[in-house]
Amino acid sequence: MNLTFYSYTLKLKHKFVLSKHSRTTTPIVLTEIEHKGIKGYGEASLPPYLGETQEGVINFLSKVDLNKYDDPLKIEEILNEIDLIEPGNNAAKASVDIALHDLAGKILEMPLWKYFEIDSNKTPESSFTIGIDSVEMIEQKLDEAKNFKILKIKLGAGNDKEILEAVRSKTNTPIIVDVNQGWSNKHLALDMIEWLAEKNVKLVEQPLPVDHLDDIAWLNEQSPLPIFADEAVQRLCDLKNVEGVYSGINIKLMKSTGLNEAYKMILLAKEMGLQTMLGCMTETSCAISAAAQISSLVNWADLDGAMLISNDIFDGMKIINGKITLPERNGIGIVKKLV
């Protein structure tokens with residue numbers, strides 16, 4: 001197998017504002033694994049909070065030698081050895097994982113949902129993400145989201161009620177709110193959540209800093225809405241830290257090192273009685289389509305990342321009338337566009 005990779009920069013349609021930072025681009029690294037004329041595609045998306053850079057990903061991938069493996073279908077063995085090269089580098093590892101799975105599906109001539117023995121007819125609806133912004137821009141973004149059945153609203157910048165009231169003045173579509181650790185006081189957080197519960201909000205994601213475990217557990221116990229972990233849970237080993245603290249977790253390929261571990265996280269979370277969400281960064285249709293292949297397993301999905309960029313170089317899964325719709329293609333289901 002031959003691994004190649006290159007840097008690319010995603011251009012966002014709108015400035016993406018969270019509680020602690022904003023950006024107009026997202027750096028990524030795209031990977032390709034070729035075996036006997038068949039090519040698999042992968043991706044590492046690198047938003048600032050992950051702490052990975054294009055230079056770091058390329059440095060890590062330079063240490064990955066796939067030529068020593070004769071059988072690309074031995075995914076578990078290959079990924080376990082890659083994981084041991086260096087700690088961290090989760091998105092870099094995910095880029096290899098995704099490309100390996102894409103390659104495997106193409107070799108076996110099957111889509112990944114079939115590889116994982118999942119019912120593709122049970123894909124969930126995806127939310128559409130609206131970052132922190134002015135009331136005017138939020139109203140414009142709502143128009144872009146008119147075909148979605150769930151909205152994901154970013155909060156935590158101090159004007160949360162103003163943002164929610166602006167949304168509710170235009171639509172009563174169910175909402176997920178993501179605070180990205182933007183609140184600091186558990187009592188004020190509970191007051192806010194009780195108010196949100198009256199606004200057709202369905203769950204609250206990462207309301208408090210990840211190291212405030214006791215406060216989060218208290219809030220989850222008192223809250224009328226489920227409290228989900230995002231930044232607090234990266235990989236499979238982190239699940240033991242959130243039992244009894246959160247009601248659910250947001251699993252992302254860039255955090256989990258890819259499909260192999262994300263799949264295991266979903267199954268373990270269910271055993272623990274946790275709800276599951278499959279989320280994303282701003283990504284091309286490569287990583288988004290990979291995640292979509294296992295989306296039938298989760299309670300919630302937030303896989304709109306490719307819709308938030310203007311220079312996607314892949315064609316893959318679609319969100320039609322709010323529902324994740326998988327293409328009839330092998331592997332992760334993408335084709336590369338001519339650009």
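This text follows the structure it describes.
As the structure is a computational prediction, the values presented were derived from the model and not from experiment.

Caption draft 1: Here's a closer look at the pattern of salt bridges. One pass over the full model with this rule turns up 20 salt bridges. Between lysine 63 and glutamate 86 there is a salt bridge, with the nearest N and O atoms lying 2.2 Å from each other. Of this pair, lysine 63 sits in the loop between helix H1 (54–61) and helix H2 (75–83) while glutamate 86 sits in the loop between H2 and helix H3 (90–108), and the two are 23 residues apart along the sequence. On the basis of relative accessible area, lysine 63 is assigned to the partly exposed category, the value being 41%. Judged by its relative accessible area of 23%, glutamate 86 is partly exposed. The salt bridge partner of aspartate 215 is lysine 186, with a shortest N-O separation of 3.8 Å.

Caption draft 2: Structural detail: unusual backbone geometry. Of note in the backbone geometry, asparagine 180 takes a positive phi value of approximately 50 degrees without being a glycine. For asparagine 180, the location among the structural elements is in the loop between strand E6 (175–178) and helix H7 (186–197). Positive phi outside glycine occurs at threonine 257, with the angle close to 75 degrees. Within the fold, threonine 257 resides in the loop between helix H9 (253–256) and helix H10 (259–271).

Caption draft 3: Structural view of the nonpolar core. Core analysis: the biggest nonpolar cluster contains 106 residues, and Trp183 and Leu196 have the highest contact counts within it. It is H3 that provides the largest number of residues to this core, a total of nine residues. Leave out the neighbours within four places in its chain, and tryptophan 183 touches Leu155, Gly156, Asp160, Ala189, Met192, Ile193, Leu196, Val204, Pro207, Leu208 and Pro209. Of all hydrophobic cores here, the second largest spans six residues; its members include Ile150, Ile176, Phe228 and Met277.

Caption draft 4: Focus on the packing of H1 against H3. Contact pair H1 / H3: the axes reach a minimum separation of 9 Å and the direction vectors enclose 55 degrees. Comparing the axis directions of H1 and H3 gives the class oblique. The interaxial crossing formed by H1 with H3 has right-handed handedness. Facing H1, whose interface residues are Val57, Phe60 and Leu61, H3 presents Ala92, Lys93, Ser95 and Val96. Of the residues assigned to the contact of H1 with H3, the class counts are five nonpolar, one polar and one charged.

Rules of the game
- Residues numbered from 1 in each chain as written.
- Predicted model: local features only at pLDDT ≥ 70, side-chain atom pairs only at ≥ 80, totals over all residues.
- Heavy atoms only, no water.
- Salt bridge = Lys/Arg side-chain N within 4 Å of Asp/Glu carboxyl O.
- Helix = DSSP H or I, 4+ residues; strand = E, 2+ residues; numbered from the N terminus.
- Buried < 20%, exposed > 50% of the residue type's maximum accessible area, 1.4 Å probe, protein only.
- Core = buried A, V, L, I, M, F, W, Y, C linked by side-chain atoms within 4.5 Å.
- Contact = heavy atoms within 4.5 Å.
- Axes fitted to C-alpha atoms, helices over the stretch in contact; angles between N-to-C directions.
- Parallel < 35°, antiparallel > 145°, perpendicular 65-115°, else oblique.
- Left-handed = near helix turned anticlockwise from the far one by under 90°.
- Nonpolar A, V, L, I, M, F, W, Y, C, P; charged D, E, K, R; others polar.

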